[in-house]
Amino acid sequence: CGPGVGGRNQPGSDAPNPVATKLGMPLFGGLPVVSVEVGQYHTIATTLDGKVWGFGRNFYGQLTEAAGGVGMGTPISTPLCLSCQAAGANLDVMSGVAGGSDHTVLLFQDALAQPHLIAVGSNMFGQLGSQTQSGGFSVDFVSANEAGFGCASSSPLDVLTGKCTAGSMEAIAIYAGCDASLALTRRPSCPPGSSG
């Protein structure tokens, strides 16, 4: 960590035993931070109002294009509201945040309380969960392919939409590793007559 060697710009120190650096609340819209996640060279903080903020290295756009520095490794030292960059998504109810090596994943509920995954950054190994940017990267949030979670029952896929006729499994928790993203899923409700 630290703004020195490597230009990672994680607040702190590059010393072998770094000293913690307190970041002021004005950096996060004046609200206290309630949780922190880290990627390899970027930090993600969630504030009391559920907004997600990020700073650090943005080489693959894991902090979105709005942060700048994409492709140049330019460090972002002032936290940027990442959840504010997710156009069209109702991020009022944030359920999870995860940072991988060079990607960021958000789990949120929409206005109908349905969970959704969106991700941004490197997709070299499919870690964004989207075929749209497969093998490259995205500087804008993309929706994960939630159909890949499986169907909530043994019902078939609809031939026109490719979606589960009985609904898909729902993501309830997320984790991001170096070049992977994981989602813990559950059935939204047990179909009538099931033993689940």
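Rules used in this analysis
- Residues numbered from 1 in each chain as written.
- Predicted model: local features only at pLDDT ≥ 70, side-chain atom pairs only at ≥ 80, totals over all residues.
- Heavy atoms only, no water.
- Pairing = 2+ DSSP bridges.
- Helix = DSSP H or I, 4+ residues; strand = E, 2+ residues; numbered from the N terminus.
- Axes fitted to C-alpha atoms, helices over the stretch in contact; angles between N-to-C directions.
- pLDDT = per-residue confidence, 0-100.
- Contact = heavy atoms within 4.5 Å.
- Buried < 20%, exposed > 50% of the residue type's maximum accessible area, 1.4 Å probe, protein only.
- Polar contact = N/O pair within 3.5 Å; in protein donor to acceptor, adjacent residues only side chain to side chain.
- Core = buried A, V, L, I, M, F, W, Y, C linked by side-chain atoms within 4.5 Å.
- Patch = residues over 30% accessible without salt bridge, like charges linked within 9 Å, V, L, I, M, F, W, Y side chains within 5 Å.
- Areas by Shrake-Rupley, 256 points an atom, 1.4 Å probe, with all protein chains shown as cover.
- Salt bridge = Lys/Arg side-chain N within 4 Å of Asp/Glu carboxyl O.
- Disulfide = S-S within 2.5 Å.

**Remarks on the sheet that holds strand β6 (residues 103-109)**
Note: strands within a sheet are paired through backbone hydrogen bonds, in either parallel or antiparallel orientation.
Here's step 1: If you walk across this open sheet you meet the four strands as β5-β6-β7-β8, and the pairing is antiparallel. Of all strands in the sheet, those with a lone pairing partner are β5 (93-99) and β8 (137-143), marking the two edges. Within the sheet, the average angular offset between the axes of one strand and its neighbour, ignoring direction, is 10°.
Here's step 2: For β6 and strand β7 (residues 115-122), the ladder comprises seven bridges, and the chain directions are antiparallel. In the strand pairing of β7, L107 is matched with L117.

**Here we look at the confidence of the model for the chain**
Here's step 1: Averaged over every residue, the pLDDT of the chain is 76; residues scoring 70 or more account for 66%.
Here's step 2: Across the chain, strand β1 (residues 33-38) holds the top mean pLDDT of 92, while β8 sits lowest at 81.
Here's step 3: Counting interchain partners and residues more than four positions distant, the pLDDT-below-50 stretch residues 1-9 has 27 contacts.

**What to know about the environment of S138**
Here's step 1: Turning to its location among the elements, S138 is positioned in strand β8.
Here's step 2: The class of S138 is buried, set by a relative accessible area of 6%.
Here's step 3: For the pair S138 and G61, spaced 77 residues apart in sequence, the C-alpha to C-alpha distance is 6.5 Å.
Here's step 4: Engagement of the side chain of S138 in a polar contact is seen with the backbone oxygen of D140, the distance being 2.5 Å.

**Thoughts on the nonpolar core**
Here's step 1: Residues V52, L82, M94, V97, L106, I118 and F141 are the most contacted members of the largest nonpolar core, which totals 15 residues.
Here's step 2: Listed by contribution, the elements that provide at least two residues to this core are β4 (75-81), β5, β6 and β7.
Here's step 3: Not counting residues up to four positions away in its chain, the partners in contact with V97 are E37, I44, T46, V52, V105, L106 and I174.
Here's step 4: Of all hydrophobic cores here, the second largest spans eleven residues; its members include A98, L117, A119 and A176.

**A few points about a nonpolar patch on the surface**
Here's step 1: Side chains of V33, V36 and V38 sit close together on the surface and give an oily, nonpolar patch of about 240 Å² of accessible area.
Here's step 2: As for its position among the elements, V38 is in strand β1.
Here's step 3: On the basis of relative accessibility, which here comes to 53%, the residue V38 falls in the exposed class.

**A short note on the state of the cysteines**
Here's step 1: Scanning the entire structure with this criterion turns up one disulfide.
Here's step 2: Residue pairing for C81: its cysteine sulfur links by disulfide to C84, the two sulfurs lying 2.2 Å apart. Across the S-S bond linking C81 and C84, the dihedral sits near 70°, which makes this disulfide right-handed.
Here's step 3: Residue C81 is classed as buried on the basis of its relative accessible area of 6%.

**Some words on unusual backbone geometry**
Here's step 1: One non-glycine residue, T64, lies in positive phi territory at about 75°.
Here's step 2: Relative to the elements of secondary structure, T64 occurs in the loop between β3 (52-57) and β4.

**Considering the sheet that holds strand β2 (residues 42-47)**
Here's step 1: The strand order across the open sheet formed by four strands is β1-β2-β3-β4, and the pairing between neighbours is antiparallel. The strands lining the two open edges of the sheet, one partner per strand, are β1 and β4. Taking each pair of neighbouring strands and ignoring which way they run, the sheet shows an average axis angle of 15°.
Here's step 2: Bridge count between β2 and β3: five bridges; the pairing is antiparallel.

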